[in-house]
Amino acid sequence: MNNIPKYSESETLELKEKYSDTICKEIVAFLNTMGGTIIIGVKDDEEIVGVDKIDEIFRKISDVITGQIEPNTQDEVSSELRFEDGKVLIVINIAKGMKHIYCQKKYGFSSIGCPIRVGTTCKEMTAEQIKIRYKSRFSDGECMLKKKASIADLSFKELKINYSEKGYHLDDKNFEANLNSRNSDGEYNLLAELLADRNNIPFIFVKFKGRDKSAIFERSDYGYRCILISYEQVKNRLQAENICISDTTVRPRRDTYPYDFDSVNEAVLNALVHNDWMITEPQISMFEDRLEILSHGGLRNGLTKKQFYDGISKPRNVVLMRIFLNMGLVEHPGHGIPTIVKRYGEEVFEIEDNYILCTIPFNR
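Residues numbered from 1 in each chain as written. Predicted model: local features only at pLDDT ≥ 70, side-chain atom pairs only at ≥ 80, totals over all residues. Heavy atoms only, no water.

*Asks:* I'm lost on the overall build of the protein chain in this one. Help?
*Replies:* When its secondary structure is counted, the protein chain shows 12 helices and 16 strands. Judged by the C-alpha coordinates and their principal axes, the protein chain covers about 90 × 60 × 35 Å. A buried classification covers 48% of the 364 residues belonging to the protein chain. A total accessible area of about 18,600 Å² is found for the protein chain, and carbon and sulfur atoms account for 47% of it. Between the centroid of the 50 positive side chains of the protein chain and the centroid of its 56 negative side chains there is a distance of 3 Å. (Helix = DSSP H or I, 4+ residues; strand = E, 2+ residues; numbered from the N terminus. Buried < 20%, exposed > 50% of the residue type's maximum accessible area, 1.4 Å probe, protein only. Areas by Shrake-Rupley, 256 points an atom, 1.4 Å probe, with all protein chains shown as cover. Lys, Arg positive; Asp, Glu negative; His and termini not counted. Charge placed at Lys NZ, Arg CZ, Asp CG, Glu CD.)

*Asks:* What's the story with the side chain of Glu-241 in this structure? I'm lost.
*Replies:* Mapped onto the fold, Glu-241 is located in helix H8 (residues 227–241). If sequence neighbours within four positions are ignored, Glu-241 has contacts with Phe-205, Lys-207, Pro-258, Tyr-259 and Met-286. (Contact = heavy atoms within 4.5 Å.)

*Asks:* Which parts of the structure should I look at to understand the sheet that holds strand E9 (residues 204–208)?
*Replies:* Strand pairing within a sheet occurs via backbone hydrogen bonds; the two strands may be parallel or antiparallel. Strand order in the open sheet made by the 6 strands is E10-E9-E13-E14-E16-E15, with mixed pairing throughout. Of all the strands in the sheet, just strand E10 (216–221) and strand E15 (349–351) have a single pairing partner and so form its edges. Taken pair by pair, the neighbouring strands of this sheet meet at an average axis angle of 15°, ignoring direction. Here strand E14 (residues 290–296) pairs with strand E16 (residues 355–361) via 7 bridges, running antiparallel. The residue of E16 that forms the bridge with His-296 is Tyr-355. In the packing of helix H9 (residues 261–274) onto the sheet, contacts are made with strand E13 (283–286), E14 and E16, and the angle to E14 comes to roughly 20°. Strands E15 and E16 of the sheet are contacted by helix H12 (residues 336–344), whose axis makes an angle of about 40° with E16. (Pairing = 2+ DSSP bridges. Axes fitted to C-alpha atoms, helices over the stretch in contact; angles between N-to-C directions.)

*Asks:* Quick question: what am I supposed to make of the pattern of salt bridges here?
*Replies:* Two side chains with opposite charge may pair up if their charged atoms get near one another. Under the definition given, this model contains 16 salt bridges. A salt bridge links Lys-148 to Glu-187; its shortest N-O distance comes to 3.7 Å. Note that Lys-148 is positioned in the loop between helix H4 (143–146) and helix H5 (157–165) and Glu-187 in the loop between helix H6 (172–178) and helix H7 (190–195), a separation of 39 residues in sequence. Overall, the relative accessible area of 28% leaves Glu-187 in the partly exposed class. (Salt bridge = Lys/Arg side-chain N within 4 Å of Asp/Glu carboxyl O.)

*Asks:* Please explain the side chain of Asn-183 as it appears in this structure.
*Replies:* Residue placement: Asn-183 occurs in the loop between H6 and H7. Accessibility expressed as a relative area gives 10% for Asn-183, which makes it buried. Apart from the residues within four sequence positions on either side, Asn-183 is in contact with Leu-145, Lys-146, Lys-148 and Asn-189.

*Asks:* Would you mind going over the pairing of E16 with me for this structure?
*Replies:* Sheet faces and side chains relate simply in a regular strand, where the side chains alternate between the two faces. Where E15 and E16 come together, 3 bridges link them in antiparallel fashion. The residue of E16 that forms the bridge with Glu-350 is Leu-357. Where E15 folds back onto E16 in an antiparallel hairpin, the turn is made up of 3 residues.

*Asks:* Just checking my understanding: could you explain the packing of aromatic side chains for this structure?
*Replies:* Geometry of an aromatic ring pair is reported as the spacing of the ring centres plus the angle between the planes. Applying the stated criterion across every chain, the model contains 9 aromatic pairs. Where Phe-208 meets Phe-287, the ring centres are 5.0 Å apart and the plane angle is 10°; that geometry is what we call stacked. You can see Phe-208 sitting in strand E9 and its partner Phe-287 sitting in the loop between E13 and E14, a full 79 residues away along the chain. The buried category is assigned to Phe-208, whose relative accessible area is 10%. The buried category is assigned to Phe-287, whose relative accessible area is 4%. An aromatic cluster is built from Tyr-163, Tyr-168 and Phe-175, whose rings are joined through pairwise contacts. The positively charged end of Arg-182 is found above the aromatic ring belonging to Tyr-188, 3.9 Å away from the centroid. The residue whose ring lies beneath Arg-343 is Tyr-344, and the NZ or CZ to ring-centre distance is 4.7 Å. (Phe/Tyr/Trp six-rings, centres within 6.5 Å; stacked < 30°, edge-to-face > 60°. Lys NZ or Arg CZ within 6 Å of the ring centre and 35° of its normal.)

*Asks:* Explanation requested: the pairing of E14 in the structure shown.
*Replies:* The buried fraction of E14 amounts to 7 of the 7 residues, a majority that puts the element mostly inside the structure. Neither face of E14 is open: one carries Arg-290, Glu-292, Leu-294 and His-296, the other Leu-291, Ile-293 and Ser-295, and all of them are buried. In textbook terms, the turn of a hairpin is the stretch between consecutive antiparallel strands, and for E13 and E14 this stretch comprises 3 residues.

*Asks:* Would you mind showing me how to read the confidence of the model for the protein chain here?
*Replies:* Reading predicted coordinates in detail is not appropriate for stretches of low pLDDT. A residue-level look at the protein chain finds 95% of positions with pLDDT of 70 or above and a mean pLDDT of 88. No element of the protein chain has a lower mean pLDDT than helix H3 (residues 127–138), which averages 66, and none a higher one than H8, which averages 97. (pLDDT = per-residue confidence, 0-100.)

*Asks:* Any chance you could explain the packing of H9 against helix H11 (residues 318–326) here in plain terms?
*Replies:* For any two helices packed against each other, the geometry is given by the interaxial angle and the distance between the axes. Their axes nearest at 8 Å, the elements H9 and H11 cross at an angle of 140°. Taken together, the axes of H9 and H11 lie oblique to each other. Contacts from Leu-269, Leu-272, Val-273 and His-274 in H9 reach Leu-320, Met-321 and Phe-324 in H11. (Parallel < 35°, antiparallel > 145°, perpendicular 65-115°, else oblique.)

Encoded structure:
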């Protein structure tokens, strides 16, 4: 019995002699498959060698979990110390991903970014496998209503204030029911969390130096609160960034702005309402020469690009769309995209199966 190895690599166990940058890929592979365990400090031949610089390795693992994988994995991945033969091992425990598909952020939802565990190795998903996962899981508009919120105790004071200001008479008894805020088990769902006064959902605006992402000038997070408040704060920020430039060498004076604010506002609203929140939040990035608004999930199943450009509305989040309509934030379903296309053309949209990127070029 003593000859039987204590650790042996398998479909659910990965052994590593020391920490390496492949940890991120291996965690994603386990998330996308059946879950598993990574043990650092054990050679492939099962010899226990232990690890040094424990605090440094834990910090690196934490950086991977919180910043290098999309969507957020903090509920599925944990790490701990284990002592064997007088040596210290670091154990990373990975549950099967609740959000069905995960990627390495630097590669996105591409084949190289979405590995799975096959036997004792990581294998890249094919584009078709990625597409099937999105179509079968994320095109369901009811996912937000089924997904349990990450916070059990939610309040909706800000949302009620917004409804009251619009002249709606609220019945506290039926308020949450009218919002479809609970799943079939009676728990608050993801939609409720989006609308709550406090939540665990970020909404990040990043301003970069120059024309690429090599240097961040400023990073602001407008999330963790009711999505209506987050939107208003981002809207105010984008208005403040749209600084008027006056040419006084001509008469009458000519005023120009970096971008058409109505188009940008419609792009942000579209990203919020049509985003697949089961994946992650939309992202807004400002560069020297452009503004990028990224939403996740691509086009709804059955909606063509022509229909998208023509303004035919097939919202992914019907209840969220209704709330934005009630608040007067959206004039009419399908109005936003034609507004942008009329001003900037269809070429400002990059449409893929798993995301839509709207790039607004700045006036020069």
